[in-house]
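# Structural overview
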There are 2 protein chains.
Amino acid sequence: MRRLAPGRLLRARHQAGPAARRQPGCHRRKLHRGLPVSGPVIAVDWGTSSFRAYRLDAQGGIAERRESAGGILRVRGGDFAAALQAEVGDWLAAAPDALVVMSGMIGSRQGWREVPYVACPAEPEEIAAGLERVDWGEGEAWIVPGLLDESRPGQPDVMRGEETQVLGALAALPNGGGLVCLPGTHSKWVRVESGVLQSFATYMTGEVFDLLQGHSILSRLMTKGAVAVDRWFLEGVAVGQGGGLLNRLFSARSRALTGNLPEDAVRSYLSGLLIGDELASAVPAAPTEVHLLGAPTLAALYEAALAKLGHSVVRLDADAVAVGLHGLAGHLDAAGRAP
Amino acid sequence: MRRLAPGRLLRARHQAGPAARRQPGCHRRKLHRGLPVSGPVIAVDWGTSSFRAYRLDAQGGIAERRESAGGILRVRGGDFAAALQAEVGDWLAAAPDALVVMSGMIGSRQGWREVPYVACPAEPEEIAAGLERVDWGEGEAWIVPGLLDESRPGQPDVMRGEETQVLGALAALPNGGGLVCLPGTHSKWVRVESGVLQSFATYMTGEVFDLLQGHSILSRLMTKGAVAVDRWFLEGVAVGQGGGLLNRLFSARSRALTGNLPEDAVRSYLSGLLIGDELASAVPAAPTEVHLLGAPTLAALYEAALAKLGHSVVRLDADAVAVGLHGLAGHLDAAGRAP
């Protein structure tokens, strides 16, 4: 394992932690079905703009779930302890020994503590060994490290949060392997083999779509409404496949100006264009099985686009992050809560 | 010639105008060196966000030039006559017979009058024949039509203004032909052969750069300053060549996070990425001569990127639009001011 601190600490390397490291096969299997945890777990997926939490029993069953817009950028004065108390204080009061395990941007430079990245290829127990405890009076709170992929020279890639979702979905992958797509503001494509997160790539598809529909010359052409999975969306996917995105984008305008695209279809066409461009680069041309993990509305767009291009789609459980966090909690327990 | 009205009128076709149409070679030659004009001309390049005007003598010499931020979107209540009077009223008072010829978005749906597009391939006299007179008490005022390229099925492209710049630069092209790049918010790439504007393509490079540096997650990483033609810019060009733009864009963030890119270099790297992606699609891979027509700062970026990729660059006169407008005024005079 290599644990890499971000920024200037990038080159620092730490020794692998638990003795269990010498039996990776054993651990991998255990993570799949969940290591035993001695008590309740509060699983938190704490992103830039949203906060999601699950109250889990010792077996990993979801007893309760809640969600808020309290992402790390909304936390006043960086007081994450107070913010967590406000979000799940009632759960903690009822179960003071609960183990809190958190993934996502909470482990970034803007979060509670910057937790060093773990380098790909990354086994589940390597990620577990990178967990870091944060100062928190109430019980125990741990943050999952992000992942770093340096397989493409000069093009490092990073993620925080999606690795835990993929860990939670490992059991659903055939032989623990496959291509996993996590669509979103920054879509992630993760290649998994035998339960090991091999490599991944990020696409700024959702963010570029938001910028174009909110601030560009195209926004003036758009009527209100949501993206529809219709013929205009699929036409956008086909055009987006052709590459040369900066040119293709303009077709949303020129087609609307020349009566080639109804105004109420510009949004769907543009969404299709961007997703088509992403797929042209992220998925092999030959028919491929893609495992989709994300919110239903967005997953439906990617599923339609992938089907249009001849690929097959398997939808994964959108609550996979809770399974992933419970599995990591099991590693903490197995190591006496000190990975 | 086909003159095509935009929108619903797209399929309407008009008969070619002047008898001179039967002698295209003759006319083309004349436009290169400028047809005689009986008096002074006020040449106006009126875009979305800026207004540029030239006071020309009968021979096309620039007597005076001025520029303002008074683009068509800044004209109150759509009173373009008043706006023009405010911009060049003093020139008109001194020369009441001056012919006013205007190109750019002033001929769009948001402008003074929506002038039908002329279809590519377009000869100069076909563009001249599409000039339309607008209601204007002071002398004569004409608007140049835009161009429409329908050579790629389902991917129509449009321009308003750049066609006149290219007309003004024809004399500088070897045998009146070549690949002309007009970098900008919406970069245009025009293929010219023997003085005929054959085809073109638009790239939203400048607009996407502005959106990313102004509103995206990348903007938080950027220090203030301008884009520099340095090693980071050129590295961006090389990475951008690889395609998959939505993925490459993220490298501006991941490289900065991992210490692979200094913060004060993110802007230049991002600019290089976008221009590199544009060039990968707009310029053939084999060494090519590209004629650059644009503002010096932006032209310098494109020149450096093109040179890095092994292409040769010829800079064209940034005031070419004045030459183009004077040539079109000559056509009006030759046709008794009624094309």
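Structure shown above.
Treat the numbers as computed from the prediction; the structure is a model and nothing was measured. (Residues numbered from 1 in each chain as written. Chains lettered and ligands numbered in written order. Predicted model: local features only at pLDDT ≥ 70, side-chain atom pairs only at ≥ 80, totals over all residues. Heavy atoms only, no water.)

### Overview of the side chain of Arg 267 of chain A
All names here are of chain A. Note the cut-off: We count a stretch as a helix when DSSP gives it H or I for four or more residues in a row; a strand needs E for two or more, and each element gets its number in order from the N terminus. Here the term buried applies to any residue with accessible area under 20% of the maximum for its type, exposed to any over 50%, and partly exposed to those in between, with areas from a 1.4 Å probe on protein chains only. Charge counting treats Lys and Arg as positive and Asp and Glu as negative, with His and both chain ends excluded. Throughout this description, the term salt bridge denotes a Lys or Arg side-chain nitrogen within 4 Å of a carboxyl oxygen of Asp or Glu. The criterion used for residue contact is that any of the two residues' heavy atoms lie within 4.5 Å.
Summarising the element assignment, Arg 267 is placed in helix α8 (residues 266-282). For the buried Arg 267, no salt bridge is present, and the opposite-charge side chain at shortest range is Asp 210, 7.8 Å distant. The residues touching Arg 267, leaving out its near neighbours within four places in the chain, are Phe 209, Gln 213, Met 222, Thr 223, Lys 224, Gly 225, Ala 226 and Val 227.

### Re the layout of surface pockets
Empty space left among the atoms is revealed by rolling a probe the size of a water molecule over them. How we decide: Definitions used for this entry: grid spacing 1 Å over protein atoms alone; cavity, a set of points where a 1.4 Å probe fits but cannot get out; pocket, an open set with protein on both sides within 12 Å along at least 5 of 7 lines; lining residue, one with an atom within 4 Å of a point. Grid points are joined across faces, edges and corners, and a volume is the space filled by probe spheres set on the points. Each residue gets one of three labels, nonpolar for Ala, Val, Leu, Ile, Met, Phe, Trp, Tyr, Cys and Pro, charged for Asp, Glu, Lys and Arg, and polar for the others, Gly among them.
Its volume calculated, the second largest pocket comes out at about 1,300 Å³. Lining of the second largest pocket is provided by 44 residues; of these, Thr 48, Ser 49, Glu 162, Thr 185 and His 186 of chain B occupy positions nearest its centre. Those elements giving two or more residues to the lining of the second largest pocket turn out to be α7 (245-257) of chain A together with β4 (62-68), β10 (157-159), α4 (162-169), α5 (205-215) and α9 (296-308) of chain B. Across the lining of the second largest pocket, the residue classes break down as 16 nonpolar, 15 polar and 13 charged.

### Observations concerning the pairing of strand β13 (residues 196-203) of chain B
All names here are of chain B. Condition: Any two strands are treated as partners once DSSP identifies two or more bridges connecting them.
Of all 8 residues making up β13, 6 are buried, and the element is well covered by its neighbours. Here strand β12 (residues 187-193) runs beside β13; their pairing, made up of 7 bridges, is antiparallel. Paired with Val 192 across the bridge in β13 is Leu 197. Counting the residues between successive antiparallel strands, the hairpin from β12 to β13 contains 2 residues, one of them, Ser 194, with a positive phi of roughly 45°.

### Comments concerning the interface of chain B and chain A
The criterion, for reference: Here the buried area means the combined drop in accessible surface, using a 1.4 Å probe, for two parts upon being joined, counting both sides. For this analysis, a polar contact is any N or O atom pair within 3.5 Å, provided that within protein one partner can donate a hydrogen and the other can accept it, and provided that sequence-adjacent residues contribute only side-chain to side-chain pairs.
In this assembly, 51 residues from chain B lie in contact with 51 residues from chain A. Here chain B meets chain A over a buried area of about 4,000 Å², counting both sides, of which 65% is carbon and sulfur. Our enumeration of links across chain B and chain A arrives at 0 salt bridges. Run the count over chain B and chain A and you get 15 residue pairs in polar contact (both at pLDDT 80 or more). For the side of chain B that touches chain A, the secondary structure elements donating two or more residues are β10, β13, α5, α7 (245-257) and α8 (266-282) of chain B. Element by element, the count of residues in the side of chain B that touches chain A is highest for α7 of chain B, at 11 residues. Residue classes in the side of chain B that touches chain A are distributed as 24 nonpolar, 16 polar and 11 charged.

### Some remarks on the environment of Glu 163 of chain A
Residue and element names in this part refer to chain A. Within the fold, Glu 163 resides in helix α4 (residues 162-169). With relative accessibility at 0%, the residue Glu 163 sits in the buried group. Sequence-wise, Glu 163 and Phe 200 are 37 residues apart; in three dimensions their C-alpha atoms are separated by 9.8 Å. Every residue in contact with Glu 163, bar those within four places of it in the chain, is listed here: Ser 103, Val 144, Pro 145, Gly 146, Leu 147 and Leu 197. Reaching out from Glu 163, the side chain makes a polar contact with the side chain of Thr 164 at a distance of 2.9 Å.

### Here we look at the sheet that holds β12 of chain B
All names here are of chain B. Selection criterion: Only the contacting stretch of a helix is used when fitting its axis, a line to C-alpha atoms as for every element, and angles between N-to-C directions run 0 to 180 degrees.
If you walk across this open sheet you meet the 5 strands as β13-β12-β11-β14-β15, and the pairing is mixed. Pairing within the sheet leaves two strands with one partner each, and these edge strands are β13 and β15 (312-315). With direction set aside, neighbouring strand axes in the sheet form an average angle of 25°. Alignment of strand β11 (residues 178-182) against β12, held across 5 bridges, turns out to be antiparallel. Among the inter-strand pairings, Leu 182 is bridged to a residue of β12, identified as Lys 188.

### Some points on the relation of the copies chain B and chain A
Rule in force here: C-alpha atoms of residues with pLDDT of at least 70 in both copies form the basis for the least-squares superposition of the copies.
When chain B is fitted to chain A, the best match, at an RMSD of 0.0 Å, comes from turning it 180° and sliding it 0.0 Å along the axis. Interpreted geometrically, this transformation is the action of a two-fold axis. Every residue of chain B has its C-alpha some distance from the rotation axis, and the shortest such distance is that of Leu 211 of chain B, at 3.2 Å. Most of the interface of chain B is mirrored in chain A, where 100% of its interface residues again form contacts.

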